[in-house]
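Architecture at a glance
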Amino acid sequence: MTPQDPGVYISPAQMYEEVRGLSAAVSRIETKIDGILDETKDIRGDVSDHEARIRDLEQTVWRAAGGAAVLGAGAGVLAQFLLR
């Protein structure tokens, strides 16, 4: 730097205030991230609960379809026997 262009002077007090501001911003961000992580834990629990419920429903549907097939076959055999 030349004497004609002294540049910018940042005092230690200004630097300290800037660092304090950054520290407060980082603290706010950490708090928000902790909240988001807590919410995602709840969401993971909900997803696993939904998956279990869907599996139960699928098993019920397959059992009902199998029962309907057995009853249909039995009714066909019974109808053949009665109509002879």
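Here goes a summary of the coordinates provided.

About the criteria used
Residues numbered from 1 in each chain as written. Predicted model: local features only at pLDDT ≥ 70, side-chain atom pairs only at ≥ 80, totals over all residues. Heavy atoms only, no water. Helix = DSSP H or I, 4+ residues; strand = E, 2+ residues; numbered from the N terminus. Rg over C-alpha atoms; globule rule 2.2 N^0.38 Å. Buried < 20%, exposed > 50% of the residue type's maximum accessible area, 1.4 Å probe, protein only. Areas by Shrake-Rupley, 256 points an atom, 1.4 Å probe, with all protein chains shown as cover. Lys, Arg positive; Asp, Glu negative; His and termini not counted. Charge placed at Lys NZ, Arg CZ, Asp CG, Glu CD. Patch = residues over 30% accessible without salt bridge, like charges linked within 9 Å, V, L, I, M, F, W, Y side chains within 5 Å. Salt bridge = Lys/Arg side-chain N within 4 Å of Asp/Glu carboxyl O.

Along the backbone of the protein chain there are one helix and zero strands. The C-alpha radius of gyration of the protein chain comes to 36 Å, more than 25% above the 12 Å expected for a compact globule of 84 residues. C-alpha extents for the protein chain along the principal axes are approximately 120 × 25 × 10 Å. Counting all 84 residues of the protein chain, 1% fall into the buried class. Surface exposure of the protein chain reaches about 7,900 Å², of which carbon and sulfur atoms provide 64%. In the protein chain, 9 positive and 13 negative side-chain charges are present, and the distance between their average locations comes to 12 Å.

This brings us to the environment of Ala 52. By secondary structure assignment, the location of Ala 52 is in helix H1 (residues 12–82). By relative accessible area, which is 35% here, Ala 52 ends up partly exposed. Separated by 37 residues in the primary sequence, Ala 52 and Met 15 place their C-alpha atoms 56 Å from one another.

Taken together, the side chains of Glu 30, Asp 34, Asp 38, Glu 39, Asp 42, Asp 46 and Asp 49 present a region of like negative charge at the surface. Mapped onto the elements of the fold, Glu 30 is located in helix H1.

With respect to the helices and strands, the residue Gln 14 is situated in helix H1. In this structure the C-alpha to C-alpha distance between Gln 14 and Arg 63, which are 49 residues apart in sequence, comes to 74 Å.

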